[in-house]
Amino acid sequence: MFKKLGFFLFAMGVSASYAIAGGEPECYMQCDDALDQCVIARPGSAGACTKVHQLCYNRCAQD
């Protein structure tokens, strides 16, 4: 349980650091929501959720 909580807090920290970088805040918020849903729905696939989250943030930064 602590491992999942630790990953969730790490992912939130990463998402917060990306949000400061620029782009539309709504886009980043949608990425964060998708990450939360992914981690909750697939607790064993934390690495895949993080990768998709990073790709989403990259797409937001390009817009």
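In this text the structure is predicted, and so the values were computed from the model without any measurement.

The predicted structure's coordinates, where accompanied by low pLDDT, should not be read in detail. Here the protein averages 79 in pLDDT, while 63% of its residues score no lower than 70. Ranking the elements of the protein by mean pLDDT puts helix α1 (residues 2–19) last, at 62, and helix α2 (residues 25–41) first, at 92.

Attention now goes to the state of the cysteines. Summed over all chains, the structure comprises three disulfides. In this model cysteine 31 forms its disulfide with cysteine 56; the gap between the sulfur atoms is 1.8 Å. Between cysteine 31 and cysteine 56, the S-S dihedral sits near -75°, and the bridge is therefore left-handed. Within this pair, whereas cysteine 31 is found in helix α2, its partner cysteine 56 is found in helix α3 (residues 46–62), the two being separated by 25 residues in sequence. For the pair shown, cysteine 31 and cysteine 56 are each scored as buried. Here cysteine 38 pairs with cysteine 49 through a disulfide, and the sulfurs are 1.9 Å apart. Measuring handedness by torsion sign, the sulfur bridge of cysteine 38 and cysteine 49 sits at about -75° and is left-handed. Of this pair, cysteine 38 sits in helix α2 while cysteine 49 sits in helix α3, and the two are 11 residues apart along the sequence.

Parameters at a glance
Residues numbered from 1 in each chain as written. Predicted model: local features only at pLDDT ≥ 70, side-chain atom pairs only at ≥ 80, totals over all residues. Heavy atoms only, no water. pLDDT = per-residue confidence, 0-100. Helix = DSSP H or I, 4+ residues; strand = E, 2+ residues; numbered from the N terminus. Disulfide = S-S within 2.5 Å. Buried < 20%, exposed > 50% of the residue type's maximum accessible area, 1.4 Å probe, protein only.

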